[in-house]
There are 2 protein chains.
Amino acid sequence: MNYNAQKFDKNEYELQSLGSETKKEALLAPVAPKQTTSLATYSLIIFIAIGVKVIQPLTIANAKNEDGSYRFNESTMVLLVEIVKLIFCTCVFAIQYKNTEDDSKSELHNLPFKMSLHFLVPALLYAASNTLVYYGISYINPGLFHVFGNIRILIAGILYRFMMGKKQSDLQWLSLILIACGAVLSSPAPEHANSSDNYLMGLLLLSLMSVCSTSASIYTEKYFKKTQKLSIFYQNIILYLYGILVNTFVVVFLKSEEKGAFDGFDQSGFMVLAAQSAMGVSLSFIFKYLDNIVYVISLTVAMLITAVISMMFFDLDPTYEFFSSMAVITIGIYIFYRSKLFEKFGIQDLVY
Amino acid sequence: MNYNAQKFDKNEYELQSLGSETKKEALLAPVAPKQTTSLATYSLIIFIAIGVKVIQPLTIANAKNEDGSYRFNESTMVLLVEIVKLIFCTCVFAIQYKNTEDDSKSELHNLPFKMSLHFLVPALLYAASNTLVYYGISYINPGLFHVFGNIRILIAGILYRFMMGKKQSDLQWLSLILIACGAVLSSPAPEHANSSDNYLMGLLLLSLMSVCSTSASIYTEKYFKKTQKLSIFYQNIILYLYGILVNTFVVVFLKSEEKGAFDGFDQSGFMVLAAQSAMGVSLSFIFKYLDNIVYVISLTVAMLITAVISMMFFDLDPTYEFFSSMAVITIGIYIFYRSKLFEKFGIQDLVY
């Protein structure tokens, strides 16, 4: 146990020293420079995550009643998603374990209980976020909710700065603002909310919600990387076990649903279940091998792709505004990664 | 004459060598580093130019009929503006000449005729641009015309690159695109034009128009700076004399107006005349002491200020879109001047 604790401390030390020394790889391979995960693998991870994220809102829209409520029981869905992910990861981990040489087998799941407790934190934060959005949405109209979702990228930048101790240059901060602005500008204009007494309350709850869910993601990233040598499937198993624990507690003690646990759970519900589970697993790859900033940027790209697809399907004329905001987002992403790209390809930053 | 020609060649040489040596001052004091024009003076020039540019569209709107046509004769207005500017600059030049020491007096107006011919070029280009906009506007709807006007900043960047041989960094090109996108996004959405046969023709004419008027501005800048030692008022006198020559030719030989020369020239016409004249003179200061990129950026800032003022007057709710595009424009301007600012204030560009 003591040996393990030391090992993790060393790991943490490596994580921090990395931040200041080999800066150039900090974003593309934030913690495991010795692992030969290639650019192609990273691209595949991002590609899959964006693909799943594009499909996810479509499955959700498909499973909603006309009044915008879900046909299925939301609490059940959250629990089911955790269970499906757990089953999936357990199966893959079993295969992985079998195919690993005997010497290395123990490395795959060498996680002391104390360390595993850190995986409880994101489970609690996600549950808090789910509860907050449940109350927050009643104070605020959906359009504003959507606009607010786009500011998530800024919250992620700020929290990432403090939780991971990762400094960003002025250009990187500005590029995050650009991406957020581009996202606001490319989404349809929200109907103006009536300035009711609850308006501020809604904003407050939504801010808290964003902070909770973003901290959860960053905390997951931090401890997935601190226990980098473990199998990602084993890490997920622990994470999902705690998730099931917390969500069962929520269902049993906190929520009083009118709907029965499996009411209205039809084919569209299964599609939501599949998409949410796939998203959860694909996210874990992003958190372990890439990072949360890549994740929020991918979200924006996924949103753009969704918009382009719906333009094609609904035969809408793309507007100047849409192209302009697409340009703003693209430029924002380029500026964010510019210095890494320049270093990677040995480009000199000329000042004219 | 020969002596003068040599002097100008040397001046040109200085201009080019400057481009590669003292890069940091290239934008703030592009050609005359020895002149002690201070930052305060530059700010004042920009401030006045923006102020005049904010007033100008209001005077024009005030002088239009309900169908959007001008109450005054446009050709007469163009000529009158040139004459008013000429009279103003002649008066100021006379005062300046009187107050200059005898030794330096000749420097103020030491312009060989051959060199002066270069001032004919912008006059011709502006006349071409005025004619093109006259025909182009009939092919295209005003909304699109407005959107197109915002792309001017990109045309300016490209032409500036080729006519002044001034290289820009990738960040500067991108920031010009950002400013243009921000301008498109902050202006009201244009009604969609019917895709008629004339649509492409309209775009072609407007592109040509933009190229003509922007080249005219850049050409003016180039030769105002090549003859830097002359009084700006003397330079303007020559410029406006050629302008009167060319526009008289246009009125007499090309345009067949139905309106009489002074029909409908009321108080609102005088306000247009004053605003246009003030804008012309303030522009000449920008071209001599600053540059065309400052000018197009000022145009965008003026547009934003106009929008904010009209929001205040017409009690409009500022939208998320407007704030977002304002942020995009501001960030664009910051990124454009970032490397100059960093050099000026000795800030290190940290790569995190």
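Residues numbered from 1 in each chain as written. Chains lettered and ligands numbered in written order. Predicted model: local features only at pLDDT ≥ 70, side-chain atom pairs only at ≥ 80, totals over all residues. Heavy atoms only, no water.

1. Observations concerning the pattern of salt bridges
All names here are of chain A.
Argument step 1. Following the criterion strictly, the structure yields ten salt bridges over all chains and no others.
Argument step 2. Across the pair K225 and E221 runs a salt bridge, and its minimum N-O distance is 2.6 Å. On the criterion of helical spacing, the pair formed by K225 and E221 is a turn pair, its members being four residues apart in helix α10 (residues 198-226).
Argument step 3. The buried category is assigned to K225, whose relative accessible area is 1%. (Salt bridge = Lys/Arg side-chain N within 4 Å of Asp/Glu carboxyl O. Helix = DSSP H or I, 4+ residues; strand = E, 2+ residues; numbered from the N terminus. Buried < 20%, exposed > 50% of the residue type's maximum accessible area, 1.4 Å probe, protein only.)

2. Some points on the environment of A:V84
Residues and elements named next belong to chain A.
Argument step 1. Along the polypeptide, V84 turns up in helix α3 (residues 74-99).
Argument step 2. The exposure class assigned to V84 is partly exposed, which follows from its relative accessible area of 31%.
Argument step 3. Sequence separation between V84 and A274 is 190 residues; the distance between their C-alpha atoms is 8.3 Å.
Argument step 4. Sequence-distant contacts of V84, defined by excluding residues within four places in its chain, comprise L273 and S277. (Contact = heavy atoms within 4.5 Å.)

3. Looking at the side chain of A:S129
Argument step 1. Looking at the secondary structure, you find A:S129 in helix α6 (residues 120-136).
Argument step 2. Residues contacting A:S129, with those up to four places away along its chain left out, are A:M209, A:C212 and A:S213.

4. Remarks on the nonpolar core
One recurring pattern in soluble globular proteins: nonpolar side chains tend to sit buried together.
Argument step 1. Counting 57 residues, the largest nonpolar core has B:L111, B:F119, B:I153, B:I286, B:Y295 and B:I297 as the members making the most contacts within it.
Argument step 2. Tallying contributions element by element places helix α10 (residues 232-254) of chain B first for this core, with eleven residues.
Argument step 3. The contact partners of B:I297, leaving out residues within four places of it in the chain, are B:I153, B:I179, B:I333, B:F336 and B:Y337.
Argument step 4. A:F93, A:L283, A:Y289 and A:V296 belong to the second-largest nonpolar core, a separate cluster that totals 56 residues. (Core = buried A, V, L, I, M, F, W, Y, C linked by side-chain atoms within 4.5 Å.)

5. Here's the deal with the packing of aromatic side chains
Argument step 1. Evaluation of the coordinates by the stated rule reveals 20 aromatic pairs over all chains.
Argument step 2. Arranged with centres 4.9 Å apart and planes meeting at 25 degrees, the rings of A:Y219 and A:Y223 form a pair that is stacked. Residue A:Y219 and its partner A:Y223 are both found in helix α10; the two are separated by four residues, about one turn of the helix.
Argument step 3. Overall, the relative accessible area of 17% leaves A:Y219 in the buried class.
Argument step 4. Both rings, one in B:F93 and one in B:Y97, keep their centres 5.9 Å apart while their planes meet at 45 degrees; by these two values the pair is tilted. You can see B:F93 and its partner B:Y97 sitting in helix α3 (residues 74-99), four residues apart, about one turn around the helix.
Argument step 5. Aromatic ring contacts, followed pair by pair, group A:F93, A:Y97 and A:Y234 into a single cluster.
Argument step 6. In this structure, A:R161 is placed above the aromatic ring of A:F162, and the distance from its NZ or CZ to the ring centre is 5.7 Å. (Phe/Tyr/Trp six-rings, centres within 6.5 Å; stacked < 30°, edge-to-face > 60°. Lys NZ or Arg CZ within 6 Å of the ring centre and 35° of its normal.)

6. A word on the packing of helix α8 (residues 152-163) of chain A against helix α13 (residues 292-314) of chain A
Residues and elements named next belong to chain A.
Argument step 1. Interaxial distance between α8 and α13 falls to 10 Å at its minimum, and their mutual angle equals 175 degrees. Here α8 is positioned roughly antiparallel relative to α13, judged by the angle of their axes. For the pair α8 and α13, contact is made by R152, I153, A156, G157 and Y160 and by N292, I293, Y295, V296, I297, L299 and T300, respectively. (Axes fitted to C-alpha atoms, helices over the stretch in contact; angles between N-to-C directions. Parallel < 35°, antiparallel > 145°, perpendicular 65-115°, else oblique.)

7. Thoughts on the state of the cysteines
Argument step 1. Scanning all chains against the criterion turns up zero disulfides over all chains.
Argument step 2. This cysteine, A:C89, is not joined by any disulfide, and A:C91 carries the nearest cysteine sulfur, 9.2 Å off. (Disulfide = S-S within 2.5 Å.)

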